[in-house]
Amino acid sequence: MENFGPLRSSIAEHHLRFLADVPTIVHCHHFNLFLDQTIDDALGAEVGLRVRTDAAQESAHVLLSAVNEALGVRAADECLRVARSVFRSMGQGTLEFDVRPEGGEATGAFLHYGFSWREKYGRDIKRRRPADGFAAGFAAAATEVAHGLPLWTLEARERGCVSMRSERCRFEISLRVGNKPAPEKPVDVEATRSVLPAVVDGFADAEIEATTQQLLGFLEGVEADARGLVQAFGVFITRHLAGYHNRVSYAAVELLRESNAPLVPILESLFRESGQVCAFHTFGGILLSPEWEALVGAPDGDVERHVIRCAAIARALGFGRWTVHELEPDARLVLRTPVTYETPYCLVRHGRQASPSSYFLQGAGLAFMELAHRLDWQGAPQLDDALYRRLFSAGAHWKVEQTADTACGDAFCEVVVTRR
Amino acid sequence: MNEPNAPAKPDPRARAARALDVVQRRAPDPHATLMRMALKTGLPLDVLQTLEGIDAEAAARIEDAARDILGLEALPE
């Protein structure tokens, strides 16, 4: 597999990361599955799948074009080899291509979405539709880029999926009929820089930053296994394209606002829920891991230490420069960050917002306090779906309000978490 | 009107209540299920909570959404 290390960069002071100047983010399968599910719930299965596949195709086309350019790769078979390699390095699984300029077929094994859906839900639910919209869009983009074709020349549909108990995932790639989304402004490192506000500092900032750097050093060594999956801290991790998450989220809000505006707050609540589920599984998984214990120390139930460490994890995963502005255990947390990974996309693509929309900050901030106060950390809790259901089936104990958002013209994003 | 010998169909509110009961007991994320049902059916949360004014068409949407969330062809009796 290629080494894409030299193509990775960051805007270090903001904790935003890039591959070949394309924004990237670390997200786990719990978040990824819940977000995709929410998009389909809000838009319906057909439109939801189209929005997700288009988002993947656009993001992957930009990424693969930039990677090939940086590596000086031009021949179609070489471009496809690089595409396979990029896909695996993202923890998305393994894709094989049998394609020509007018389309063809791709097959997938251990695809992040389909495989992890089967692992998480497969025993309880029979899935009715394929799960790999991201891989479909990626396969279409890889074929386009390999053959020097512009974005939206092709489209891909998943015809078999392991989440539906097929042996392998199979994608049919063909010339796109109708439905070519309008070209939009790229949200790359330059566009990101153009909307960044000044850095804000907060409580225990030096400690947060030192812990972030330790975790970053460890994460550099975390690589995909033979399946093309990254399994760590009890979750499947992806080094994902932020443009994918952002495009599907903001497009869903826009489309739902047009069709049934009163339901938008419910959609936003479920986006918060995806942040909460990520914090529970991924942040919690990191905090309880032996690697973390060796780097930083085991969690001891101290609320202040817990929140500081969670802010450090958020920075290391590329969510932004999260700072603790106020913390009163058992009462109140105020988190601030100049931007989250959502903000640059929102500003560049959708302009200044009328209401706050840092959904991930809202959900994760809420989870920091829920987990700090409700889990017996010294008892080494098993952070599984059953515990998550037990914790939240009777509702949350805390509530969150976003009181400032750079996307609304404020100097920073801020969420306030208080007792219900 | 029902045929003379056909079994009477439960009223829409009862059908909706049954579907909601099943999906909330069996869905993987129970605390999020009512919100998911709102998005899938296009019905506001307060309507799903009270089932006030549910007609046959809304009940059918609720049943479809419940089946979809659970991946079932038919809801259990």
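Fair warning: this is a prediction, and the values are worked out from it, not measured in the lab.

Asks: I tried to follow the interface of chain A and chain B on my own but got confused; where do I start?
Replies: It is common to give the size of an interface as the accessible area that goes away when the parts come together. Chain A puts 20 residues into the contact, and the matching count from chain B is 15 residues. Of all the elements in the fold, those that place two or more residues in the side of chain A that touches chain B are α1 (29-43), α9 (264-287) and α14 (385-392) of chain A. By residue number, the principal contributor to the side of chain A that touches chain B is α9 of chain A, which donates 5 residues. Considered class by class, the residues forming the side of chain A that touches chain B number 9 nonpolar, 4 polar and 7 charged.

Asks: Help me understand the domain arrangement of chain A in this model?
Replies: Residues and elements named next belong to chain A. By the assigned domains, chain A splits into domain 1 (5-175) and domain 2 (191-227 + 271-419). Spacing between the C-alpha centres of domain 1 and domain 2 amounts to 26 Å. Each side of the interface is counted separately: domain 1 has 23 residues, and domain 2 has 21 residues. Counting residues per element, the ones that place at least two in the side of domain 1 that touches domain 2 are β2 (16-19), β3 (22-28), α1 and α3 (76-89). At 6 residues, the largest contribution of residues to the side of domain 1 that touches domain 2 is made by β3.

Asks: It is not clear to me how the sheet that holds β3 of chain A should be interpreted in this structure. Could you clarify?
Replies: All names here are of chain A. The antiparallel open sheet is built from 5 strands, whose spatial order is β1-β2-β3-β9-β8. Looking at the sheet topology across the chains shown, the edges are occupied by β1 (8-11) and β8 (230-232). Neighbour-to-neighbour, the strand axes of this sheet turn through a mean angle of 40°, independent of strand direction. Note that β8 and strand β9 (residues 235-241) share 3 bridges and pair antiparallel. What sits directly across from Gln 231, in β9, is Phe 236.

Asks: What's the story with the pairing of strand β5 (residues 103-109) of chain A in this structure? I'm lost.
Replies: On a regular strand, each side chain points to the face opposite its neighbour's, so the side chains alternate between the two faces of the sheet. All names here are of chain A. Here strand β4 (residues 94-100) pairs with β5 via 7 bridges, running antiparallel. When the bridges of β5 are listed, Leu 95 appears paired with Gly 108. Pairing analysis gives 6 bridges linking β5 to strand β7 (residues 169-175), with the strands arranged antiparallel. Within β7, the residue paired with Gly 108 across the bridge is Cys 169.

Asks: Honestly, helix α1 (residues 12-26) of chain B in this entry has me stumped. Any pointers?
Replies: An α-helical segment advances 3.6 residues per turn. Residues three or four places apart therefore align on the same side. Residue and element names in this part refer to chain B. For α1, with 15 residues, the first-to-last C-alpha span of 21 Å sits near the 21 Å given by 1.5 Å per residue. Here α1 has its buried residues at Arg 15, Ala 16, Ala 19, Leu 20 and Val 23. Seen along its axis, α1 keeps its buried residues to an arc of 130°; they face one direction. Exposed residues on α1 whose side chains face more than 90 degrees from its buried face are Asp 21 and Arg 25.

Asks: Before we go on, may I ask you to explain unusual backbone geometry in this structure?
Replies: Negative phi values dominate among residues other than glycine, just as trans dominates among peptide bonds. Residues and elements named next belong to chain A. Located in the positive-phi region is Trp 152, a residue other than glycine, with phi close to 75°. Looking at the element boundaries, Trp 152 is found in the loop between α5 (133-146) and β6 (154-160). Residue class for Trp 152 comes out partly exposed when judged on the 19 C-beta atoms lying within 10 Å of it.

Asks: What exactly am I supposed to notice about the environment of Ala 59 of chain B here?
Replies: Checked against the element boundaries, Ala 59 of chain B lands in helix α4 (residues 56-70). Separated by 43 residues in sequence, Ala 59 of chain B and Ala 16 of chain B place their C-alpha atoms 4.9 Å apart.

Asks: Any chance you could explain the environment of Arg 349 of chain A here in plain terms?
Replies: Residue and element names in this part refer to chain A. The residue Arg 349 is located in helix α12 (residues 343-350) in this model. Along the backbone, Arg 349 and Val 187 are 162 residues apart, and their C-alpha atoms lie at a distance of 7.8 Å. With sequence-adjacent residues up to four places away left out, Arg 349 is seen in contact with Glu 184, Lys 185, Val 187 and Tyr 250.

Asks: When you look at helix α7 (residues 205-220) of chain A in this model, what are you seeing that I'm missing?
Replies: Residues and elements named next belong to chain A. With 16 residues, α7 extends 22 Å from end C-alpha to end C-alpha; this agrees with the ideal 22 Å at 1.5 Å per step. Along α7, the residues classified as buried are Ile 208, Thr 211, Thr 212 and Leu 215. The buried side chains of α7 occupy one side of the element, clustering within an arc of 110° when seen end-on. Facing away from the buried side of α7 by more than 90 degrees, the exposed set consists of Ala 206, Ala 210, Gly 217 and Glu 220. Those residues of α7 that are buried lie in contact with α10 (290-295) and α11 (303-316).

Asks: I'm lost on the sheet that holds β6 of chain A in this one. Help?
Replies: Each strand in a sheet pairs with another by means of backbone hydrogen bonds, the pair being arranged parallel or else antiparallel. Residues and elements named next belong to chain A. Within the open sheet, the 4 strands sit side by side as β4-β5-β7-β6. Their pairing is antiparallel. Every interior strand has two partners, whereas the edge strands, β4 and β6, have only one. Taken over all neighbouring pairs, the strand axes of this sheet differ in orientation by 20° on average, direction set aside. Contacts from α5 reach β4, β5, β6 and β7 within the one sheet, and its direction differs from that of β6 by about 135°.

Parameters and conventions
- Residues numbered from 1 in each chain as written.
- Chains lettered and ligands numbered in written order.
- Predicted model: local features only at pLDDT ≥ 70, side-chain atom pairs only at ≥ 80, totals over all residues.
- Contact = placed C-beta atoms within 7 Å.
- Helix = DSSP H or I, 4+ residues; strand = E, 2+ residues; numbered from the N terminus.
- Nonpolar A, V, L, I, M, F, W, Y, C, P; charged D, E, K, R; others polar.
- Domains from an automatic or database assignment.
- Pairing = 2+ DSSP bridges.
- Axes fitted to C-alpha atoms, helices over the stretch in contact; angles between N-to-C directions.
- Expected span 1.5 Å × (residues − 1).
- Buried ≥ 20, exposed ≤ 12 C-beta atoms within 10 Å, placed from the backbone.
- Arc of directions from axis to C-beta.

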